[in-house]
Amino acid sequence: MTGPDADLEQRCSMLVDRLRTRHGWALIERAEFVARLLRAARDHPAVALPYLAFGVYNRALYAACSGAEGQERQDQGYAELFRTLSAAARQRFPDVAEEAAQLAVEHTYTRIARCAEPRAFFTFAWQQLLSAARALR
């Protein structure tokens, strides 16, 4: 395959590889993640690929963390969420990073039903992190 479609597929593959490596994302198998991102890119050609990739992964993370896919996936989802929040917290709130990330995960778990948009799940969890950091400080 050559042309614009092959270029798009290659860009999706490279982005997925970068994101999986950087964030340790493993809830979606690589090939499936690329396929979902490629579909999203074809459906929304004017939207930036990284934004679409985060949306694709957020849906998967939400589904796992919600418990809809079973306990093992839920545990994996929250472990990934904790790692991601911890990394962000270490940069932004080094004095309370680990405790804030743990509280954020706990609050996300107890308040997940309030997350109205699965594509924005990480934003929801990030808000829990900000609140936890403020409370701890």
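Residues numbered from 1 in each chain as written. Predicted model: local features only at pLDDT ≥ 70, side-chain atom pairs only at ≥ 80, totals over all residues. Heavy atoms only, no water.

Peer 1: Go over the pattern of salt bridges, please, and point to the residues and values.
Peer 2: Under the counting rule described, the total for this entry stands at 9 salt bridges. One salt bridge in this structure joins Glu-32 and Arg-39, with 3.8 Å as the shortest N-O distance. What emerges from the salt-bridge pattern is a single network uniting Glu-32, Arg-36 and Arg-39. (Salt bridge = Lys/Arg side-chain N within 4 Å of Asp/Glu carboxyl O.)

Peer 1: So, the environment of Ile-28: which residues are in play, and what are the values?
Peer 2: Tracing the backbone shows Ile-28 in the loop between helix H1 (4-23) and helix H2 (30-43). Along the backbone, Ile-28 and Tyr-57 are 29 residues apart, and their C-alpha atoms lie at a distance of 7.7 Å. (Helix = DSSP H or I, 4+ residues; strand = E, 2+ residues; numbered from the N terminus.)

Peer 1: Explain helix H3 (residues 49-65) to me, and be specific about the residues and the numbers.
Peer 2: For H3, which comprises 17 residues, the first-to-last C-alpha distance of 24 Å matches the rise-based estimate of 24 Å (1.5 Å per residue) to within 8%. Most of H3 is tucked away, with 12 of its 17 residues classed as buried. For H3, the complete set of buried residues consists of Leu-49, Leu-52, Ala-53, Gly-55, Val-56, Tyr-57, Asn-58, Ala-60, Leu-61, Tyr-62, Ala-64 and Cys-65. Just past H3, the residue Gly-67 takes up positive phi, approximately 90°. (Expected span 1.5 Å × (residues − 1). Buried < 20%, exposed > 50% of the residue type's maximum accessible area, 1.4 Å probe, protein only.)

Peer 1: Requested: an account of the packing of aromatic side chains, with residues and values cited.
Peer 2: One pass over the full model with this rule turns up 6 aromatic pairs. Taking the centre distance of 5.6 Å and the plane angle of 80° together, the rings of Tyr-62 and Phe-121 count as edge-to-face. Placement of Tyr-62 in helix H3 and of Phe-121 in helix H6 (residues 121-136) is noted, with a sequence separation of 59 residues between them. Accessibility assignment for this pair places Tyr-62 and Phe-121 in one class, buried. Measuring from ring centre to ring centre gives 5.6 Å for Tyr-78 and Tyr-109, while their planes differ by 70°; the resulting arrangement is edge-to-face. Taken together, the residues Tyr-78 in helix H4 (residues 71-92) and Tyr-109 in helix H5 (residues 97-111) connect sequence positions 31 residues apart. (Phe/Tyr/Trp six-rings, centres within 6.5 Å; stacked < 30°, edge-to-face > 60°.)

Peer 1: Help me get a handle on the packing of H4 against H5, residues and values and all.
Peer 2: Each pair of packed helices can be summarised by the angle the axes make with each other and by the distance between the axes. At a closest axis distance of 9 Å, the pairing of H4 and H5 adopts a crossing angle of 140°. In terms of their interaxial angle, H4 and H5 are classed as oblique. Between H4 and H5 the crossing geometry is right-handed. Across the interface between the two elements, Gln-74, Tyr-78, Leu-81, Phe-82, Leu-85, Ser-86, Ala-89 and Arg-90 of H4 pack against Ala-97, Glu-98, Ala-101, Gln-102, Ala-104, Val-105, Thr-108 and Tyr-109 of H5. By residue class, the composition of the contact of H4 with H5 is 10 nonpolar, 4 polar and 2 charged. (Axes fitted to C-alpha atoms, helices over the stretch in contact; angles between N-to-C directions. Parallel < 35°, antiparallel > 145°, perpendicular 65-115°, else oblique. Left-handed = near helix turned anticlockwise from the far one by under 90°. Contact = heavy atoms within 4.5 Å. Nonpolar A, V, L, I, M, F, W, Y, C, P; charged D, E, K, R; others polar.)

Peer 1: Tell me about the nonpolar core, residues and numbers included.
Peer 2: Among the nonpolar cores identified, the biggest contains 46 residues, and Leu-37, Leu-49, Leu-81, Leu-85, Phe-121 and Leu-129 are the most heavily contacted of them. Tallying contributions element by element places H3 first for this core, with 10 residues. The contact partners of Leu-129, leaving out residues within four places of it in the chain, are Leu-85, Ala-89, Phe-93, Ala-100, Ala-101 and Ala-104. (Core = buried A, V, L, I, M, F, W, Y, C linked by side-chain atoms within 4.5 Å.)

Peer 1: Could you give an account of H6, with specific residues and numbers?
Peer 2: One full turn of an α-helix is made of 3.6 residues, so residues set three or four places apart face in the same direction. Along its 16 residues, H6 runs 23 Å from first to last C-alpha, staying within 8% of the 22 Å computed at 1.5 Å per residue. Among the residues of H6, Phe-121, Phe-124, Ala-125, Trp-126, Gln-128, Leu-129, Leu-130, Ala-132 and Ala-133 are the ones counted as buried. For H6, the elements touching its buried residues are H3, H4 and H5.

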